[in-house]
Amino acid sequence: MLDFFTIFSKGGIVLWCFQGTSQLFTPSVNALIKSVILQERTGNNTYSHESLTLKYKLDNEFELIFVVAYQNILQLSYVDKFLTDIQLKFREKYKNVLLSRFYGDKSFAEFTELFNGLLKETEDESKRDQAAKKQSNRVDATLLLVIRHKQWNFYILVNVRQKTPQPPIAAQSSPVLTSSSVSQNSNGGLDEETRMKNLQKLLNKNKKKPTTVNLVYVAYLTTKLFLLLNLFLFCFQQAQVGQMKGDLKDIEEDEDDEVVDDSDDSEEVVAEQKSSNKSKSSGGVFSMFRNLVGSKTLTAESLAPALEKMKDHLIGKNVASDIAVKLCDSVAAKLEGKVLGTFGSVASTVRNTLQESCVQILSPRRRVDILRDAMEAKQQKRPYVITFCGVNGVGKSTNLAKVCFWLIENGLSVLIAACDTFRSGAVEQLRTHVRKLNALHPKDKHGREMVQLYERGYGKDSAGIAMEAIASARDYHIDVVLVDTAGRMQDNEPLMRALSKLVKVNQPDLVLFVGEALVGNEAVDQLVKFNQALADHSQSATPRLIDGIILTKFDTIDDKV
């Protein structure tokens, strides 16, 4: 039933391979490596590609990957167990070779016989389990049918007995009646009324009387018990009044507020405080993995509690839930299958894994090197254009001035285009920034003004002002053009259409979204909605979207962001 099985190292060396059909499995394995293993998306060990289902298992101790493939239409319940068994058998058989990490002259062809035997044994066991399960289901259905059939017969029998006036067995098995309780007829026998009473007693002999519950009485008892409990708690609290005494503790001084003398004793105290603080800070998120230290191999089950605590800790620090799950999956993929003897090795492994995962998540899909791109644009005798956009009040103009200062420090001249023709005071704010920046980099030092402002007042078309500013920068050989736009919400259709027009007409080299770090994960949602609105209001088939984000106001947030 299995079509393909392969074992290869993380370096790309295929150690052993089994192929049951003539189908080409190379594209599927390459897709698995590219989309899952290289991206460290190892939370789920199942991957589907075209008509195949691929399952894989990572061996972090020997840096191996085990991959099995079969058709999508098959439901094979034994694949996970079979993967684990093959991993253990392969490790056990070639342990010395795997420890040496030198596979050049080693042949693993003899593993095929062991693989075929284990595969046949696993498939036979799976067939037996399926047959036993079908038999148990058949037996359960038969028993259920018999029970229902017996209940139906019993119900009919009871009805028949109730409707039968005088069954023959009832007269023989009736209890003995005394002469004082039975009335006889003139012939010495029982009369008709007595016989009917005896028959009714016989039918009701084995019937249980239904138990009736007085709900009103139960409610009364419950209310009474509740009142008694409240009375007991009230008396207990009254008895404790005046008895809960204690001493007030002295106010502990902050470590930062302590006065340190210049003597040698004070230096020793400071050194001890630093060492204690270092020992305290060495815990944190890494202390959750302290219980994993030992000589046993780490498994997914042993890692689960620590990873769950780590995920809760990251979410508590305002990390997005999907990012927290991705980080925990990366840590699990690095630790599973390893033997870590000391807590230091666990902490360093977790720290390095988190660092690699964060770098991978934060790495942009396109290269963003503003200085290099600006130099290339200067060689092409055109200005490098950056457009700043975002919602109201996030600090677009202020951070535009900071970016402008950074560009001037790197020897680039800047032209600021005042395209915020909507907010009153926007042009005057940019004038102030330009005057202060030119004071820091005067004209005498550079031979010309490093920062200039291009403005056309208020109420004008922002796209036209940006076009004129870019043309002016090209004529006067200015290196960079920074376009300041008006703040707008993503649901403001006129302003979003104006921004889409500005981007489409001028085609800036970089479109930056400015967001507040104060709002935490809401900045990501805000960026996604803003980007979607920008695409919706664009009339182009391939609209220009946001290239990057600038987070502002980091000085107003706590340690959770």
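Everything here concerns the structure above.
Along each chain, numbering runs from 1 in the same order as the chain's sequence is written. The predicted origin of the model limits local features to residues at a pLDDT of at least 70 and limits the giving and counting of side-chain atom pairs to 80 or more, whereas totals for whole chains, interfaces and linings rest on all residues. Remark: hydrogens and water are excluded; side-chain values derive from all non-hydrogen atoms of the structure.

Attention shifts here to the overall build of the protein. For the protein, the helix and strand inventory stands at 18 helices and eleven strands. For every residue, the accessible area obtained with a 1.4 Å probe (protein chains only) is divided by the maximum for its type, and the residue is called buried under 20%, exposed over 50%, and partly exposed between those limits. Taken across its 561 residues, the protein has 33% of its residues classed as buried. By definition in these notes, contact holds between two residues if any of their heavy atoms fall within 4.5 Å. Contacts in the protein between residues at least 24 apart in sequence constitute 69% of all its contacts with a sequence separation of at least 6. Counting every atom, the protein has about 36300 Å² of accessible surface; 55% of that belongs to carbon and sulfur. Elements are defined by DSSP. Helices are runs of H or I of four residues or more, strands are runs of E of two residues or more, and each kind is numbered from the N terminus. Here the Shrake-Rupley method, with its probe set to 1.4 Å, supplies the accessible areas, and only the displayed protein chains count as covering residues.

A few words now on the sheet that holds strand β9 (residues 480–484). If you trace the six strands from one edge of the open sheet to the other, you get β8-β7-β9-β6-β10-β11, paired in parallel fashion. Looking at the sheet topology across the chains shown, the edges are occupied by β8 (451–454) and β11 (548–552). When strand polarity is set aside, the average angle formed by the axes of neighbouring strands in this sheet is 25°. The criterion for strand pairing is that DSSP finds at least two bridges linking the strands in question. Taken together, the four bridges between strand β7 (residues 414–418) and β8 define a ladder with parallel strand orientation. Looking across to β8, one finds that Leu415 is bridged to Gln452. Helix axes are fitted to C-alpha atoms over the stretch in contact, other axes to C-alpha atoms as well, and angles between N-to-C directions run from 0 to 180 degrees. Sheet strands in contact with helix α12 (residues 370–379) are β6 (384–390), β9 and β10 (510–516), and its direction is about 135° off that of β6. Across the sheet, helix α14 (residues 426–440) touches β7, β8 and β9, and the angle it forms with β8 is around 165°.

This part is about unusual backbone geometry. Positive phi values are uncommon outside glycine, yet Glu50 reaches one of about 55°. Tracing the sequence through the fold places Glu50 in the loop between β3 (46–49) and β4 (52–59). Of note in the backbone geometry, Glu63 takes a positive phi value of approximately 55° without being a glycine. Following the sequence through the fold, Glu63 ends up in the loop between β4 and β5 (64–71). For Glu63, a relative accessible area of 29% gives the class partly exposed.

The next thing to look at is the pattern of salt bridges. Put simply, a salt bridge is a Lys or Arg side-chain nitrogen that is within 4 Å of an Asp or Glu carboxyl oxygen. Under the defined criterion, the tally for this structure stands at 16 salt bridges. A salt bridge links Glu455 to Arg431; its shortest N-O distance comes to 2.7 Å. Here Glu455 is found in the loop between β8 and α16 (462–475), whereas its partner Arg431 is found in helix α14, with 24 residues between them in sequence. Taking the relative accessible area as the measure of exposure, Arg431 reaches 39% and is therefore partly exposed.

Turning next to the pairing of β10. Across the seven residues that make up β10, a large majority, seven, are buried. Residues Leu510, Leu512, Val514 and Glu516 of β10 are buried on one face, and the alternating residues Val511, Phe513 and Gly515, pointing to the opposite face, are buried as well. Strand direction decides the pairing type here: β10 and β11, joined by five bridges, are parallel. When the sheet's bridge partners are listed, Glu516 is paired in β11 with Thr552. Crossover handedness for the path β10 to helix α18 (residues 522–536) to β11: right-handed. Look down the strands so they point away from you; if the path from the first strand over the helix to the second goes clockwise, the crossover is right-handed.

The subject of this paragraph is the layout of surface pockets. Of the volumes computed, that of the second largest pocket is approximately 850 Å³. The pocket and cavity definitions rest on a 1 Å grid over protein atoms only: a 1.4 Å probe that fits but cannot leave marks a cavity, an open set with protein on both sides within 12 Å along at least five of seven lines marks a pocket, and residues lining either have an atom within 4 Å of a point. In terms of lining residues, the second largest pocket is bounded by 32 residues, among which Lys57, Thr299, Ala300, Ala332 and Glu336 are the most central. Looking at the lining of the second largest pocket, the elements with two or more residues in it are β4, α2 (79–93), α9 (300–316) and α10 (321–335). The element best represented in the lining of the second largest pocket is α9, accounting for seven residues. Shared between two domains, the lining of the second largest pocket holds at least three residues of each, these being domain 1 (4–126) and domain 2 (297–362). Grid points are joined across faces, edges and corners, and a volume is the space filled by probe spheres set on the points. Where each domain starts and ends follows an automatic or database-derived domain assignment.

We now examine the environment of Ala523. Note that Ala523 resides in helix α18. Taking C-alpha positions, Ala523 is 9.6 Å from Ile549, a pair spaced 26 residues apart along the chain.

Limitation: the analysis is restricted to geometry and does not speak to function.
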